[in-house]
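One letter stands for each residue in the lines below.
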Amino acid sequence: SGLKFVGFAGSFSNPSKTRLLVAEATDRAVARFGGTSHVFDIADLGAGFGAASVPGRTPDLDRHLDAFLAADAIVVASPVYKGSYTGLFKHFIDLIDPAALLDKPILLAATGGGHRHALVIEHQLRPLFAFFEARVLATGVYAASADFADGRLADDQTGARLDRAVAQFADHLQAASIRQARAVA
């Protein structure tokens, strides 16, 4: 399959639990549906990424933004910062044309210190991607610090929720495969 999964972690920390969660989601998607994955975070966008960043002027930003826009399916996650996604996560999203994510399937995820921030997916991320008219998957995945151990996702319930969310790509990816086949023919 030529499916392309892209994961964006809105974290600047390295290593980060947010990137681990995004990488786990894209790995599970590739294992289930085939294809390739491309995962990046804020640090990968270049040392100067910030308010002055403009597409077309920064090779690191351009490479990851192009991959994000060309994806058949996307996983996005942000660490929770003061009850919401991070500012640099939002800045990256602000660089995207409003029509660019139309009908694109997106798995929403977030990480935080405790479970009290779990609704950030519903109150912050879901409305953001609804603006783009993306196909946001029904199941979002929130993982707290306690859900990780030894540099990996270790909580079985969170893993099962992640599997459930990844499975929801199926209907959307079938349509993408049909479009790809028609383009080749």
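Residues numbered from 1 in each chain as written. Predicted model: local features only at pLDDT ≥ 70, side-chain atom pairs only at ≥ 80, totals over all residues. Heavy atoms only, no water.

Q: Outline helix α5 (residues 156–167), listing residues and values.
A: Since the α-helix packs 3.6 residues into each turn, any two residues three or four apart lie on the same face. Here α5 is twelve residues long and its end C-alpha atoms lie 16 Å apart, about the 16 Å a rise of 1.5 Å per residue gives. All of the buried residues along α5 are T158, G159, L162, A165 and V166. Seen from one end, α5 has its buried residues packed into an arc of 120°, which puts them on one side. The exposed residues of α5 that point more than 90 degrees off its buried face are D156 and Q157. (Helix = DSSP H or I, 4+ residues; strand = E, 2+ residues; numbered from the N terminus. Expected span 1.5 Å × (residues − 1). Buried < 20%, exposed > 50% of the residue type's maximum accessible area, 1.4 Å probe, protein only. Arc of directions from axis to C-beta.)

Q: A description of the nonpolar core should follow, citing residues and the corresponding values.
A: In this structure, F8, F68, F92, I93 and F129 are the most contacted members of the largest nonpolar core, which totals 31 residues. Among the elements of the structure, β1 (4–9), α2 (59–70), β3 (73–79), α3 (87–94), β4 (105–112), α4 (120–131) and β6 (141–144) are those that each provide at least two residues to this core. Excluding anything up to four places from it in sequence, F68 contacts V6, F8, F40, I74, V76, F92, I93, I96, L101 and K104. Judged by nonpolar contacts, the second largest core, of 24 residues, contains L21, L153, A165 and V166. (Core = buried A, V, L, I, M, F, W, Y, C linked by side-chain atoms within 4.5 Å. Contact = heavy atoms within 4.5 Å.)

Q: Lay out unusual backbone geometry with the relevant residues and their values.
A: Peptide bonds are, in most cases, trans, and in most cases residues other than glycine have a negative phi. The omega torsion of the bond from N14 to P15 falls at 0°, within 30 degrees of zero and hence cis. A positive phi angle, close to 65°, is found at D103, a residue other than glycine. Looking at the element boundaries, D103 is found in the loop between α3 and β4. With a phi close to 60°, E133 is a non-glycine residue in the positive phi region. Here E133 is to be found in the loop between α4 and β5 (135–136). A residue is classified by how much of its surface remains accessible, and E133, at 52% relative accessible area, is exposed.

Q: Help me get a handle on the side chain of T18, residues and values and all.
A: Within the secondary structure, T18 is located in helix α1 (residues 17–33). T18 sits in the buried class, given a relative accessible area of 3%. Of the polar contacts made by the side chain of T18, one reaches the side chain of T111; its length is 2.5 Å. Apart from the residues lying within four places of it in its own chain, the contact partners of T18 are A9, G10, S11, A77, S78, P79 and T111. (Polar contact = N/O pair within 3.5 Å; in protein donor to acceptor, adjacent residues only side chain to side chain.)

Q: How would you sum up the side chain of H64? Please name residues and give values.
A: Relative to the helices and strands, H64 resides in helix α2. Here H64 falls in the buried class, since its relative accessible area comes to 4%. At 3.4 Å, the side chain of H64 forms a polar contact with the backbone oxygen of D44. Setting aside residues no more than four positions away along its own chain, H64 makes contact with H38, F40, D44 and L45.

Shape descriptors only; they carry no functional weight alone.
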